[in-house]
Amino acid sequence: MTVARYLSHPQVQIDPHKEIHLWSLNDTGTARVARLAQSNALAGTRRIVTSAEVKAVETARPLADALGCALEVRERMYENDRSATGFLPPQEFEQVADQFFAEPETSVRGWETARAAQSRIVSEVRACLRDHSEGDVLFVGHGGVGTLLYCHLAGLAIDRAHDQGPGGGGCYFAFSAEMGPPAHPWRPMEQLDPLIP
């Protein structure tokens with residue numbers, strides 16, 4: 001059975017002077033990806049699909065190289081569009097993110113609505129899996145839209161309670177290629193095991 005996994009990029013170098021989609025992984029995030037790439041944890045993965053944002057590509061590329069997979073970049077797998085506000089200080093960002101999840105039909109401070117972001121990520125993942133032939137699939141993206149995907153797959157209302165939690169990302173969940181319910185909640189990528197979804 002094909003296993004699909006969604007992996008969020010790990011820790012980034014926060015730079016208020018750069019567009020958020022251009023942020024890179026920091027040293028911690030880069031090291032975590034390198035350890036995962038050197039492990040056997042993604043054995044069986046034959047396809048890696050990533051968001052076009054720099055931090056996602058920097059997560060996906062070493063994994064694709066280690067597995068000998070082509071890297072498929074999908075422009076519409078980006079994180080929820082927050083360009084209306086740009087960078088927000090951490091405390092303010094958390095407050096706005098709370099509101100984004102709590103009011104999924106509302107454009108909070110000009111952000112893309114949670115409902116629209118969910119529809120977009122679900123559509124992208126479904127389109128990829130529709131034409132998938134063999135082997136496991138790894139989607140590499142972001143915590144926000146990843147949580148929206150998780151809620152859809154699990155049949156849950158949009159709620160930040162299902163987010164990956166603190167720690168800077170680098171978490172995953174697994175689900176079937178038939179878009180079935182997730183096998184488990186978000187887990188740190190260090191818990192990936194080729195024999196366990």
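Each remark here, short or long, concerns the structure printed above.
Residues numbered from 1 in each chain as written. Predicted model: local features only at pLDDT ≥ 70, side-chain atom pairs only at ≥ 80, totals over all residues. Heavy atoms only, no water.

Peer 1: Just give me the short version of the overall build of the protein chain, but keep the residues and values in it.
Peer 2: Scanning the protein chain from terminus to terminus reveals five helices and six strands. Listed N to C, the secondary structure of the protein chain is β-α-β-α-β-α-α-β-α-β-β in terms of helices and strands. Its C-alpha atoms give the protein chain a radius of gyration of 16 Å, near enough to 16 Å, the size a compact globule of 197 residues would have. Based on the C-alpha atoms only, the size of the protein chain along its principal axes is roughly 40 × 35 × 25 Å. The burial tally for the protein chain puts 49% of its 197 residues in the buried class. When contacts within the protein chain are restricted to residue pairs at least 6 apart in sequence, long-range pairs at least 24 apart make up 67% of them. (Helix = DSSP H or I, 4+ residues; strand = E, 2+ residues; numbered from the N terminus. Rg over C-alpha atoms; globule rule 2.2 N^0.38 Å. Buried < 20%, exposed > 50% of the residue type's maximum accessible area, 1.4 Å probe, protein only. Contact = heavy atoms within 4.5 Å.)

Peer 1: Could you give an account of the sheet that holds strand β4 (residues 136–141), naming the residues involved and the relevant values?
Peer 2: Through backbone hydrogen bonds, the strands of a sheet pair up, either in parallel or in antiparallel fashion. Read across the open sheet, the six strands follow the order β3-β2-β4-β1-β5-β6; overall the sheet is mixed. What marks the edges here is a single partner per strand, and that holds for β3 (71–74) and β6 (187–188). Note: strand β1 (residues 3–8) against strand β5 (residues 171–176), five bridges, orientation antiparallel. Of the residues in β5, the one forming a bridge with A4 is F175. Each of β1, β2 (45–51), β3 and β4 is contacted by helix α2 (residues 54–67), which is oriented at about 165° to β2, the strand it contacts most. (Pairing = 2+ DSSP bridges. Axes fitted to C-alpha atoms, helices over the stretch in contact; angles between N-to-C directions.)

Peer 1: Could you give an account of the side chain of R47, with specific residues and numbers?
Peer 2: Looking at the element boundaries, R47 is found in strand β2. Among the polar contacts listed, one links the side chain of R47 to the backbone oxygen of C128, at a separation of 2.8 Å. In contact with R47, not counting residues within four places along its chain, are C69, E72, C128, D131, H132, D136, V137 and L138. (Polar contact = N/O pair within 3.5 Å; in protein donor to acceptor, adjacent residues only side chain to side chain.)

Peer 1: Could you give me a rundown of the pairing of β2, with the residues and numbers involved?
Peer 2: Among the seven residues that make up β2, six are buried, leaving the element largely enclosed by the rest of the structure. Judged from the four bridges that link them, β2 and β3 form a sheet pairing that is parallel. Bridge assignment links I48 to a residue of β3, and that residue is L71. Between the parallel pair β2 and β3, the chain is carried across by α2, and the sense of this crossover is right-handed. (Right-handed = clockwise from strand over helix to strand, strands pointing away.)

Peer 1: Can you explain the nonpolar core? Please cite residues and give values.
Peer 2: If you look at the biggest cluster of nonpolar residues, it comprises 31 residues, and the most contacted ones within it are Y6, L129, F139, L149 and F175. Elements represented by at least two residues in this core include exactly β1, α3 (90–102), α4 (114–130), β4, α5 (143–154) and β5. Top contributing element to this core by residue count: α4, with seven residues. If we skip the residues at most four places from it in the chain, Y6 touches I121, F139, G141, H142, V145, G146, L149, C171, Y172, F173, F175 and W186. Ranked by size, the runner-up nonpolar core spans 21 residues in total, among them L7, W23, L36 and Y172. (Core = buried A, V, L, I, M, F, W, Y, C linked by side-chain atoms within 4.5 Å.)

Peer 1: Hey, could you go over the packing of aromatic side chains for me, with residue numbers and the actual values?
Peer 2: Within the structure shown, the criterion is met by ten aromatic pairs. Taking the centre distance of 6.5 Å and the plane angle of 15° together, the rings of F139 and F175 count as stacked. Of the two residues, F139 sits in strand β4 while F175 sits in strand β5, which places them 36 residues apart along the sequence. Taking relative accessible area as the criterion, F139 reaches 0% and is therefore assigned buried. (Phe/Tyr/Trp six-rings, centres within 6.5 Å; stacked < 30°, edge-to-face > 60°.)

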